[in-house]
Amino acid sequence: MAPNSNHIQIGFPSLPAPASTTHFAFLTEWLNDCDENHRGCDPVKKYPPPTRLIDLGSPDAPVVRLIQTTTTETVKYIALSHPWGQGHSFCTFPHNLAQHKAAIPVRSPNFPDTFRDAIAATRALGVRYLWIDSICIIQGPDGDFEKEAKRMEDVFSAAYCVIAASSARGQRDGFLRTRKERQFLQLRGESSSSLYVCRFIDNFAEHVLNGPLSKRGWVLQERALARRTIYFTDWQTYWECGCGVRCETLTKIDNKLVSFLGDPSFPSKLSSFDRGERIRFYEDLYRQYSRLNFTRLTDRPVAIAGLEQRMINNLKAKGGYGIFHDGGSLLSRSLLWRRGAEASTLNRVDFSKAKQKEGKSLPSWSWMAYDDAIDYLDLPLGGVDWRNDAVLDPFCSPGSGRNDPSNETAVLKAMARPFVFEPVGEPGESVDVILDAGNAQGVTGWEGWKAVVVGTRRIAKGEVVPVEHRTHYLLIITALTEGVGHETIYQRIGVGYMPGGFLGEEGVQRVTVG
């Protein structure tokens, strides 16, 4: 029986060599097809260009130099997503800014291969301008990283395309190198045509999502904000845009879970979800983000700020620091994050140097103030009676919804009550206490704890449960400073749930949680 051509994959048994004319022609065709046929991948609005770009010159004058843009310009550029890696990094500093504006030493042996490959790829794709963070942002204590980091939404959303060095582990690795060879078997038929049985290598999840680059904290936002991205991996090149994922083998992948972050107007694809489903999605996104790596942990609130602002807008909320407030239950729910199961302790990130420079301060009730993985209490959607009056809006700019880590006035006013006796025994169905510090030193005994009850388990119709037996969901706080002539400031030390009998009704007071 003749083979059914409808079930035979058309593609290349052997992929073209990286950086070859055929390879770049293939990538250019992806771009052209998206430009001409994917209206959903068009820019959602006009973004200002990055402050600086790398001008790759022309064939007649191929000098590579750093240029300053103007806010009125419309510039077609490619942005590079890459890992910095360990050791010395090639950067622009105040002392070499003038040199880079005259000419960047791309022929120097100290110039990273990853950047050299980015220049080659950008030119081959017919684009003159390139954005690379370590070159286009002035680094060092006298640089402008603090200001430019807040513009990452503009940089990646406005880029004509993003190229991702997914196979690289540092600036020196490059990504246009020899790839792992694909094995195949040729089957010759009676005619001159042949069929090939090829090793399956289309694995976007393993090669890209679980690759070394995707473990970098900044990359989650870069991927979500980009209109389309070309990923260079050890096996093949992948394309991602609003219409799905394409492989160099000519396979097309359409995965709804994958496509949410590939949405060029993220998070518009979630518009068909109800509120509860969107909240679950954002919690999963924050779980994932909290497990990524940072060279500087102080970047944690900044590296997702642009993405978070879009989520805030989608929920018609305001907020920041990983916390949302929509005037309803969302504030209480997002405060109930917990230490991740794999994290033995959560340590506070030292923002003191950033605070001296920019006035930064992250509150203890924000998981972005800590250094490790987080999860959320597993609460049933629609199964909690929220006490929205237990915590007041901590964001002092109503309607702005802006995640601004320099805003030191974001303190939480909460109704706190004492514990009647120490929660003891193994965590069960009705009692669980998860301390941020685990069993680490520095957490006072239960006598110094107070509880902020943000919700209680909803009682089914006809069910009678005394309040002392009803499950209460709560933040656990303790005094940070004693109020001698000043207000006592509390800090969060954990979360939990327990019957109301553990909590006192006397001595309830409104406190400030910083």
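As annotated in an unreviewed UniProt entry, the chain carries the name Heterokaryon incompatibility domain-containing protein and is attributed to Podospora pseudoanserina.

Caption draft 1: Local environment of the pairing of strand β9 (residues 237-241). Most of β9 is tucked away: five of the five residues are buried. Neither face of β9 is open: one carries Thr-237, Trp-239 and Cys-241, the other Tyr-238 and Glu-240, and all of them are buried. Examined bridge by bridge, strand β8 (residues 229-232) and β9 share four bridges and lie antiparallel to one another. Bridge pairing in β9 places Phe-232 opposite Thr-237.

Caption draft 2: Examining the packing of helix α8 (residues 217-225) against helix α11 (residues 305-314) more closely. Put simply, α8 and α11 touch, their axes get as near as 8 Å, and they point 55 degrees apart. In this view, α8 runs oblique relative to α11, as classed from their interaxial angle. Listed contacts from α11 to Leu-220, Gln-221, Ala-224 and Leu-225 of α8 are Ala-305, Gly-306, Leu-307 and Arg-310. A breakdown of the residues in the contact of α8 with α11 according to their chemical character gives five nonpolar, two polar and one charged.

Caption draft 3: Highlighting the environment of Asp-432. With respect to the helices and strands, Asp-432 occurs in strand β18 (residues 432-435). Taking relative accessible area as the criterion, Asp-432 reaches 15% and is therefore assigned buried. Distance from Asp-432 to Gly-496, taken between C-alpha atoms, is 5.3 Å for residues 64 residues apart in sequence.

Caption draft 4: Main features of the pattern of salt bridges. If you walk through the whole model with that rule in mind, you get 27 salt bridges. Asp-393 serves as the salt-bridge partner of Lys-318, at 2.5 Å between the closest nitrogen and oxygen. Taken as a pair, Lys-318 in strand β12 (residues 318-320) and Asp-393 in the loop between β16 (384-386) and β17 (412-418) lie far apart in primary sequence, 75 residues in all. Relative accessible area serves as the criterion here: at 12%, Lys-318 is assigned to the buried category. In this structure Asp-393 comes out as partly exposed when scored by relative accessible area, which is 30%. For Arg-417, the salt bridge goes to Glu-505, with nearest N and O atoms at 3.2 Å. One end of the pair, Arg-417, is in strand β17; the other, Glu-505, is in the loop between β21 (489-499) and β22 (509-513), with 88 residues separating them in the sequence. The class for Arg-417 is buried, based on a relative accessible area of 13%. Sharing partners across several salt bridges, the network here consists of Asp-284, Arg-287, Arg-291, Glu-342 and Asp-375.

About the cut-offs
Residues numbered from 1 in each chain as written. Predicted model: local features only at pLDDT ≥ 70, side-chain atom pairs only at ≥ 80, totals over all residues. Heavy atoms only, no water. Buried < 20%, exposed > 50% of the residue type's maximum accessible area, 1.4 Å probe, protein only. Helix = DSSP H or I, 4+ residues; strand = E, 2+ residues; numbered from the N terminus. Pairing = 2+ DSSP bridges. Axes fitted to C-alpha atoms, helices over the stretch in contact; angles between N-to-C directions. Parallel < 35°, antiparallel > 145°, perpendicular 65-115°, else oblique. Contact = heavy atoms within 4.5 Å. Nonpolar A, V, L, I, M, F, W, Y, C, P; charged D, E, K, R; others polar. Salt bridge = Lys/Arg side-chain N within 4 Å of Asp/Glu carboxyl O.

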